[in-house]
Amino acid sequence: MAGRRPVRVAWAGILVAAALGHAATGTLPGGSTPAPIEFKHFPDRLHAFVWRNWEMAALERMADVLGTTPDKVHTLGESMGLPPHRTPPAEYQQRGYITLIRRNWHLLPYEQLLQLLDWDAEKLAFTLREDDFLWAKLGSLKPACAPLRYAEPNEAVTQRCAQIKTLVSTHFGDPLATPGVPRFDFVRELSRADAYQASQTTPGGVRGKIRFLYSYCGLFGDPLLTPELDPYPDGLLQRLSDLGVNGVWLHVVLRQLAPPRTAFPEFGAGHERRIENLRRLVDRAKKHGIDIYLYMNEPRAMEESFFQDRDDLKGVREGNFHTLCTSAPEVRQWLADSLTYVFKQVPGLGGVFTITASENLTHCYSHDRTAAGCPRCSKRPGPEVIAEVNKTIAAGVWAGNPKARVIVWDWVWPDAGNPKDKEAGWTEQIINALPDSVYLMSVSEWSKPIVRGGVASTVGEYSLSAVGPGPRATKHWALARHRGLKTLAKVQANCSWELSAVPYLPVMNLVAQHGANLAEADIDGLMLSWSVGGYPSPNLELLACFAAEPRPTVDQALTKVAQGRYGPDAAPGVLQAWSKFSTAFAEYPFHVHLLYRGPLQVGPANLLYPEPTKYRATMVGFPYDDLDGWRAVYPAEVLAGQFEKIAAGWREGLALFQSAAAQARVSPYRSNLRQDLGLAEAAGLHFQSAAQQMRFIMARNALLTGSKDADRQAQIDAIQRIAADEIQTARRLFALTCQDSRIGFEASNHYYYLPLDLVEKVINCAYVRDTWLPAVP
């Protein structure tokens, strides 16, 4: 996923037998194998498994994994007060397999995880590596889980289940038994073109410049293999088009999209089906005035075994993988020919955008500034190799379709290369060597200086809280213009890794100011989202205002969108609320480590761990209790204080939004207010919970390290208060989540949490407060 520093994935080439009914074997990653976390708020691992899969798996599938009957599984769930089980539709696993993998990572060994997924080992191995770095998101390790089998509950287990059932009934009662909105219901809504009505302020006349983004509901791994899981249904395309979007992008792996070649006969399995599905998607999108762009992060590294008798193509090594060295003419020829094939077969494609540093291991300088280990690239300047890869991609694309656009992204290009290099920085050298007709794209807000909580830092990721453009993008655009190249800005209009669990954040003043600044910079287009932030939203509508002529002021654009979406009666109050939200969000203690490792995405669903887990937080996966990993440059006290500031300011904005909602007299204004208020409240609960989790960890650590008597009581009081507050936070977010299937979802991570995870959080907090805390010596 772009929006990340280079990820180095260590894969052990171990063969894991896909047992328990799976005859296939495959190479699954090993890494370290620490003991799994023990979730002591449940009676045992068996009950944790049943709870966490109740919403995602059929009773029959769970029973097969456990070696028991569906009735036994049902009885276990009923004993804990779980709601009536409803067999989930196949869509839950098809669109939510990452959610299923993540929630069982500490519960099942690989063999039983494969059985639960009904996958073979090869499919899981591919998913862990190619599905937006899932292996890294899981920590690049697999906890050593023993096989899990059904066992009849003893008296102690039965008593604990009864306690849990009472807790569930006390805090959730009848609403738990009432079915909420199904997960992925937003897909059905976004697929309904006939029921959609454009906003009264839908922008027009913005077709001249590129404005492209990713699907809010698209699968990230291999989206062209399963056309029934359409990443861009017509309803979504229509909505995006009406918001001034004229392009969307798709994640692909080139060796799956092009036919086998003489040099690489292993490649190309299933390419005909993918090409046909791509052709149909391109044709459909064209009807809405939207082009399809392909994500081009190539050539992908291959396993050691691939290079048998191909030492002359083997480049830099990472773990069990080597680059296909692009200094080898055969590799560049394959890259160019494959792209030519794709663009001839699908001539309607809009183009590609390239990432040639970070992301997947591709060429020999993609993760390393020296290309150490490659006998060819190590003797060549890094900028020359990076520029050559981009030129090869461009040549292949244009040989297939001379009108296609090639967007070269400067993501993580170093501005200073090898210390021995006395010439210009790498970026300037790369730009000077690019083909004349490419676009140069840069993240707008990157390297912008900020001060949050008295701590000075710079932006090194996507950000809504810091308004661009920053000095890096400004410099790179100037270098590109000097070369005669066109320029694009990469922005996030809806949300970012600052908080991605809601489809859009109502920080409209920040969005509007960024839009005005970019209009003044006179760039040639916008990439409006990474995998995160592709929902058709008022934020996109607002940003599109600045493409119109005459160009509005910030206040004019804000007023236009507020009146069009909420009506003239509610608009004044909404504008005040937006201002409060934006001011609060500008306090975000931004740092890339916090974005990737912190608890913001999981929010109130992240547990309060009574004992230190000793696990390090993972990239947008498991935050655990790794406060030191979250805080980066911020002292823990400052970090918690900043989120308390955000939460307090957010509450002020919510009060104004609620008052404004009471002024709405007409539908759809009332519906828009209700939905947007729910999303805003959910975001506020995430900020509040982040602060509470940080305070809990500080208090817990102080208590466990043996503080003085006076301090000890203060820590006990703090933990009791935080546990009580987190119970209320989880209860409220549960209600909101049951009403809106978008909450907790992001395209490349699927659901960070499900409604029952918030019920589990209440059980967890009650355990911390009532069982663990009194027993602390």
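Residues numbered from 1 in each chain as written. Predicted model: local features only at pLDDT ≥ 70, side-chain atom pairs only at ≥ 80, totals over all residues. Heavy atoms only, no water.

Chemist: If you had to explain the overall build of the protein chain to someone new, which residues and values would you point to?
Modeler: Across its full length, the protein chain carries 26 helices and 17 strands. For 777 residues, the compact-globule estimate of 2.2 N^0.38 gives 28 Å, and the protein chain sits close to it at 26 Å. Considered along the principal axes of its C-alpha atoms, the protein chain spans approximately 70 × 65 × 55 Å. Counting the 777 residues in the protein chain, one finds 63% classified as buried. (Helix = DSSP H or I, 4+ residues; strand = E, 2+ residues; numbered from the N terminus. Rg over C-alpha atoms; globule rule 2.2 N^0.38 Å. Buried < 20%, exposed > 50% of the residue type's maximum accessible area, 1.4 Å probe, protein only.)

Chemist: Lay out the sheet that holds strand E7 (residues 314-318) with the relevant residues and their values.
Modeler: With antiparallel pairing, the 3 strands of this open sheet are ordered in space as E6-E8-E7. Edge positions in the sheet fall to strand E6 (302-303) and E7, since each has one partner strand and no second. Bridging between E7 and strand E8 (residues 321-324) involves 3 bridges; their strand directions are antiparallel. Each bridged residue has a counterpart across the sheet, and for Lys-314 the counterpart in E8 is Leu-324. (Pairing = 2+ DSSP bridges.)

Chemist: An account of the packing of helix H4 (residues 90-104) against helix H5 (residues 110-117) is needed here, citing residue identities and associated values.
Modeler: Closest axis-to-axis distance for the H4/H5 pair is 11 Å, and the angle between their directions is 155 degrees. Classed by the angle they form, the pair H4 and H5 counts as roughly antiparallel. For the pair H4 and H5, the sense of crossing is right-handed. When H4 is examined against H5, the residues Gln-93, Tyr-97, Leu-100, Ile-101 and Asn-104 are found in contact with a partner set consisting of Leu-113, Leu-116 and Leu-117. Among the residues forming the contact of H4 with H5, the class breakdown is 6 nonpolar, 2 polar and no charged. (Axes fitted to C-alpha atoms, helices over the stretch in contact; angles between N-to-C directions. Parallel < 35°, antiparallel > 145°, perpendicular 65-115°, else oblique. Left-handed = near helix turned anticlockwise from the far one by under 90°. Contact = heavy atoms within 4.5 Å. Nonpolar A, V, L, I, M, F, W, Y, C, P; charged D, E, K, R; others polar.)

Chemist: Mind laying out unusual backbone geometry, listing which residues take part and the relevant values?
Modeler: With an omega dihedral of -5 degrees, the bond running from Glu-298 to Pro-299 counts as a cis peptide bond. Tracing the sequence through the fold places Pro-299 in the loop between strand E5 (291-296) and E6. The amide bond that connects Gly-468 to the next residue, Pro-469, takes the cis arrangement and shows omega of 5 degrees. With respect to the element layout, Pro-469 can be found in the loop between strand E13 (455-458) and helix H16 (471-483). If you check the backbone angles, Ser-358 has positive phi at about 70 degrees while not being a glycine.

Chemist: Tell me what's going on with the pairing of strand E11 (residues 439-443), and back it up with residues and numbers.
Modeler: Counting buried residues in E11 gives 5 out of 5 residues, a clear majority hidden from the surface. Every second residue of E11 is oriented toward a common face, with Tyr-439, Met-441 and Val-443 on one face and Leu-440 and Ser-442 on the other, all of them buried. In this structure, strand E10 (residues 405-409) lies alongside E11, joined through 3 bridges in parallel fashion. Bridging from a neighbouring strand, Val-408 pairs with Leu-440 of E11.

Chemist: I'd like to hear about the pattern of salt bridges, residue by residue, with values.
Modeler: Per the counting criterion, the structure on display carries 37 salt bridges. For Arg-188, the salt bridge is made with Asp-185, and the minimal N-O distance between the two is 3.3 Å. Taken together, the positions of Arg-188 and Asp-185, both in helix H9 (residues 185-190) and 3 residues apart, correspond to about one turn of that helix. Residue Arg-188 is classed as partly exposed on the basis of its relative accessible area of 36%. The closest approach of N and O atoms between Arg-284 and Asp-230, which form a salt bridge, is 2.8 Å. One end of the pair, Arg-284, is in helix H12 (residues 271-286); the other, Asp-230, is in the loop between strand E3 (210-214) and helix H10 (234-242), with 54 residues separating them in the sequence. (Salt bridge = Lys/Arg side-chain N within 4 Å of Asp/Glu carboxyl O.)

Chemist: So what's going on with the side chain of Ser-496? Which residues, and what values?
Modeler: As for its position among the elements, Ser-496 is in the loop between strand E14 (486-490) and helix H17 (508-521). Its relative accessible area of 0% is what places Ser-496 among the buried residues. Ignoring any residue separated from it by four or fewer positions in sequence, one finds Ser-496 in contact with Tyr-462, Ser-463, Leu-464 and Val-532.

Chemist: Please give an account of the sheet that holds E11 that cites residues and values.
Modeler: With respect to topology, 8 strands assemble into a closed barrel ordered E3-E4-E5-E9-E10-E11-E14-E15, the strand pairing being parallel. Ignoring which end each strand starts from, the neighbouring axes of this sheet average 25 degrees apart. Sheet topology note: the E5/strand E9 (residues 351-355) ladder contains 4 bridges and is parallel. Bridge assignment links Tyr-293 to a residue of E9, and that residue is Gly-351.

Chemist: I'd like to hear about helix H2 (residues 59-66), residue by residue, with values.
Modeler: Residues of H2 that are buried include every one of Leu-59, Met-62, Ala-63, Val-65 and Leu-66, and no others. Down the axis of H2, the sector holding all buried residues measures 160 degrees, keeping them to one side. One or two residues past the end of H2 sits Gly-67, with phi positive at roughly 70 degrees. (Arc of directions from axis to C-beta.)

Chemist: Give a detailed account of the nonpolar core, specifying residues and quantitative values.
Modeler: Side chains of nonpolar character tend, in soluble globular proteins, to be buried together. Ranked by size, the top nonpolar core spans 278 residues in total, and within it Leu-278, Leu-294, Trp-530, Phe-643, Trp-650 and Phe-687 carry the most contacts. Counting residues per element, this core draws most heavily on helix H24 (residues 669-704), at 16 residues. Not counting residues within four places of it along the chain, the set of residues in contact with Leu-294 comprises Leu-250, Val-252, Leu-257, Leu-278, Val-342, Phe-343, Leu-349, Gly-351, Val-352 and Phe-353. (Core = buried A, V, L, I, M, F, W, Y, C linked by side-chain atoms within 4.5 Å.)

Chemist: Please provide a residue-by-residue account of the pairing of strand E12 (residues 449-452), values included.
Modeler: Residues Ile-450 and Arg-452 point to one face of E12 and are all buried, whereas Pro-449 and Val-451, pointing to the other face, are not buried. Where E12 meets E13, 4 bridges bridge the pair, whose relative direction is antiparallel. Looking at E13, one finds that Val-451 is bridged to Ala-456. Here E12 folds back onto E13, and the loop between the two strands holds 2 residues, one of which, Gly-453, carries a positive phi near 65 degrees.

Chemist: Tell me what's going on with the environment of Met-302, and back it up with residues and numbers.
Modeler: Inspection of the secondary structure puts Met-302 in strand E6. Remark: the alpha-carbon pair of Met-302 and Ala-691, spanning 389 residues in sequence, is separated by 43 Å. Look past the residues within four positions of Met-302 in its chain and what remains in contact with it is Arg-255, Phe-267, Phe-307, Asn-320, Phe-321, His-322 and Leu-324.

Chemist: If you had to explain the confidence of the model for the protein chain to someone new, which residues and values would you point to?
Modeler: Residues at a pLDDT of 70 or more form 94% of the protein chain, whose mean pLDDT is 93. Below pLDDT 50 for its whole length, residues 200-206 participates in 19 contacts with residues either more than four positions away or in separate chains. Counting interchain partners and residues more than four positions distant, the pLDDT-below-50 stretch residues 417-423 has 5 contacts. (pLDDT = per-residue confidence, 0-100.)

Chemist: Kindly report on the environment of Val-491, identifying the contributing residues and their values.
Modeler: Tracing the chain through its elements places Val-491 in the loop between E14 and H17. In the structure, Val-491 is positioned 239 residues away from Ala-730 in sequence and 31 Å away in space, judged by C-alpha atoms. If near-sequence neighbours (up to four positions away) are discounted, Val-491 is found in contact with Ser-444, His-514, Leu-518, Met-527, Leu-528, Ser-529 and Leu-543.

Chemist: Residues and numbers for the side chain of His-322, please.
Modeler: Assignment of secondary structure puts His-322 in strand E8. His-322 gets classed as buried once you look at its relative accessible area, which sits at 6%. Here the side chain of His-322 touches Gly-315 through a polar contact of 3.2 Å, landing on its backbone oxygen. Setting aside its immediate chain neighbours within four residues, His-322 contacts Ala-301, Met-302, Glu-304, Phe-307, Lys-314, Gly-315, Val-316 and Arg-317. (Polar contact = N/O pair within 3.5 Å; in protein donor to acceptor, adjacent residues only side chain to side chain.)

Chemist: Any chance you could break down the packing of aromatic side chains for me, citing the residues and the numbers?
Modeler: Counted by the stated rule, this structure contains 51 aromatic pairs. Aromatic pair Trp-105 and Tyr-110: ring centres 5.9 Å apart, planes at 80 degrees, arrangement edge-to-face. Across this residue pair, the class does not change: Trp-105 and Tyr-110 are buried. Ring geometry for Phe-184 versus Tyr-751: centroids 5.0 Å apart, planes at 70 degrees, classification edge-to-face. Here Phe-184, found in the loop between helix H8 (155-177) and H9, pairs with Tyr-751, found in strand E17 (residues 750-751); they are 567 residues apart in sequence, far enough to count as distant. (Phe/Tyr/Trp six-rings, centres within 6.5 Å; stacked < 30°, edge-to-face > 60°.)

Chemist: Describe in detail the state of the cysteines, supporting the description with residues and values.
Modeler: Scanning all chains against the criterion turns up 0 disulfides. Counting only cysteine sulfurs, Cys-325 is the nearest neighbor of Cys-377, a cysteine outside any disulfide, at a range of 3.5 Å. With no disulfide of its own, Cys-495 lies closest to Cys-217 among cysteine sulfurs, the gap being 14 Å. Looking at Cys-495, the relative accessible area reads 1%, which means it is buried. (Disulfide = S-S within 2.5 Å.)

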